Amino acid sequence: MKLPVATEWALHCATSLAQLEPGATASAADLAEYFDLPAAYLAKQLQALTRAGVLAATTGPRGGFRLGRAPTDVTLLQIVEAVDGASPPYECREIRQQGRGALPAGWCRHECILAVKMAEAHQAWRSSLDGVTLADILADIPAAAPARTRKLLGRKGS
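Residues numbered from 1 in each chain as written. Predicted model: local features only at pLDDT ≥ 70, side-chain atom pairs only at ≥ 80, totals over all residues. Heavy atoms only, no water.

A. Geometry of the overall build of the protein. Along the protein, the regular secondary structure elements total seven helices and two strands. Taken against the 2.2 N^0.38 rule, which gives 15 Å for 158 residues, the C-alpha radius of gyration of the protein at 20 Å runs more than 25% over that of a compact globule. The dimensions of the protein, computed from C-alpha atoms along their principal axes, are 70 × 30 × 25 Å. Here the protein holds 158 residues, and 32% of them are scored as buried. Within the protein, contacts between residues at least 6 apart in sequence are counted, and of these 70% link residues at least 24 apart. Split by element, the accessible area of the protein, about 9700 Å² in all, is 55% carbon and sulfur. (Helix = DSSP H or I, 4+ residues; strand = E, 2+ residues; numbered from the N terminus. Rg over C-alpha atoms; globule rule 2.2 N^0.38 Å. Buried < 20%, exposed > 50% of the residue type's maximum accessible area, 1.4 Å probe, protein only. Contact = heavy atoms within 4.5 Å. Areas by Shrake-Rupley, 256 points an atom, 1.4 Å probe, with all protein chains shown as cover.)

Set out below in structure tokens:
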């Protein structure tokens, strides 16, 4: 499975915002500059994260984005699904029943075993991401990273 590049952006932006002091924000332009990304496209991803409640947005001269919940309450799955949706990546189109090699109908009474195994793998992937919070990620980054991120990115809230 290959995820869109926007997924990486969303994960890194949420992780960076989780490192800011409480009340501090970063604008879409700040984040785009911080990661050298196209601001207009990044802003769309940040809005998707805001709609999902992962981020909160404020307006005004000190406005920007911050986490919408505590890092312990934001999972990697929530971030991925906010940007990419929750649809499974595999869709069985029952080609086993098509063409010259079509199986007899009696052999296809049960769900395709490939569809079953792909669904199991997708669920395992989802469960794995759902078990990792931003707090877990923050615990594994270099100890000096949050101070550096705050220095380069954060705006004090009003």
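Moving on from the model shown.
B. Region of interest: the nonpolar core. Among the nonpolar cores identified, the biggest contains 31 residues, and L31, L42, L46, L49, L55, I79 and L134 are the most heavily contacted of them. The set of elements that each furnish at least two residues to this core consists of α1 (5–18), α2 (28–35), α3 (39–51), β2 (64–67) and α4 (76–84). Per-element tally for this core: the top contributor is α1, with seven residues. Ignoring anything within four residues of it in the chain, the contact list for L55 reads L17, L46, L49, T50, F65, R66, L67 and G68. (Core = buried A, V, L, I, M, F, W, Y, C linked by side-chain atoms within 4.5 Å.)

C. Focus on the environment of R93. For R93, the location among the structural elements is in the loop between α4 and α5 (113–130). In this structure, the C-alpha to C-alpha distance between R93 and A32, residues 61 residues apart in sequence, is 39 Å.

D. Quick look at the layout of surface pockets. Roughly 160 Å³ of volume is contained in the largest pocket. Where the lining of the largest pocket is concerned, the elements lending two or more residues are α4 and α5. (1 Å grid on protein atoms, 1.4 Å probe; cavity = no way out; pocket = protein on both sides within 12 Å on 5 of 7 lines; lining within 4 Å. Points joined across faces, edges and corners; volume = space filled by probe spheres on them.)

E. Molecular detail of the state of the cysteines. Under the definition given, this model contains zero disulfides. The closest cysteine sulfur to the non-disulfide-bonded C112 is located on C92, 3.9 Å from its own sulfur. (Disulfide = S-S within 2.5 Å.)

F. Just the packing of aromatic side chains, in detail. Within the structure shown, the criterion is met by two aromatic pairs. Ring geometry for W9 and Y41: centres 5.3 Å apart, planes at 80°, overall edge-to-face. Residue W9 is found in helix α1, and its partner Y41 is found in helix α3; the two are separated by 32 residues along the sequence. The class for Y41 is partly exposed, based on a relative accessible area of 39%. An angle of 85° between the planes, with centres 4.9 Å apart, marks the rings of Y34 and F35 as edge-to-face. Judged by relative accessible area, Y34 falls into the partly exposed class, the value being 24%. (Phe/Tyr/Trp six-rings, centres within 6.5 Å; stacked < 30°, edge-to-face > 60°.)

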